[in-house]
Amino acid sequence: MSKLPFLALALFAAAGAAPALAQEAKANDIVIEKPWARATPKSADVGAGYLTIRNNGAAADRLTGASSDFASVEVHEMKMEGGVMKMMETKNGLNVPAHSSVGLAPGGYHLMFTHLTHPLTKGETIKATLNFEHAGPIEVAFPVLGVGAAGPGAAKGETKPTGNMGGMKM
Ligand SMILES: [Cu+2]
């Protein structure tokens, strides 16, 4: 039993030595999956980035912030307040529980790129560094998708809450 974790580590290290899978980034137990950003209109100075954070570790980790050379980056969340969808910076970053994943997607958590130095253009790839409390910094490449994109492989026609059901579906 004591040898198993060691073997797993060795395999992990070997896999890490191979050419990295495109658009996936990792550090320690944290894996960033399917990052993407949405193209912005020319006049906009804010944009958004999305991804899934997977924590393969036995301890929780926390996305504490992010940075890039083309914008300031904040971790935002969307909340319904009095029937109005609002977004705001998360107070204490974003917790990622052990052995689970957290999705940043349109309508929910997202990375907010502010003070853009240039518009995000469909087809380009932008880079930002995510900082985790335990895993440390992870550089992530975000392919920029079209303005109307819902994400890579996102389902279409999902139902929106109508607001008169008196309860949360999720
Ligand atoms: Cu935002």
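Scroll up to find the structure.
Residues numbered from 1 in each chain as written. Predicted model: local features only at pLDDT ≥ 70, side-chain atom pairs only at ≥ 80, totals over all residues.

Draft legend 1. Spotlight on unusual backbone geometry. Here the phi dihedral of His 99 falls at roughly 50 degrees; this positive angle occurs in a residue that is not glycine. Of note, His 99 is situated in the loop between β7 (94-96) and β8 (100-104). We classify His 99 as partly exposed; it has 13 C-beta atoms within 10 Å. Even without being glycine, His 115 reaches a positive phi, approximately 55 degrees. Relative to the assigned elements, His 115 resides in the loop between β9 (110-114) and β10 (125-132). (Helix = DSSP H or I, 4+ residues; strand = E, 2+ residues; numbered from the N terminus. Buried ≥ 20, exposed ≤ 12 C-beta atoms within 10 Å, placed from the backbone.)

Draft legend 2. Expanded view of the pairing of strand β3 (residues 47-55). Of the pairings in the sheet, the one linking strand β2 (residues 30-38) to β3 comprises 6 bridges and is antiparallel in character. When the bridges of β3 are listed, Ile 30 appears paired with Asn 55. Inspection of the sheet shows β3 paired to β9 by 3 bridges, in the antiparallel sense. Opposite Gly 47, over in β9, you have Phe 113 as the bridge partner. (Pairing = 2+ DSSP bridges.)

All quantities given are derived from atomic positions and should not be read as evidence of function.
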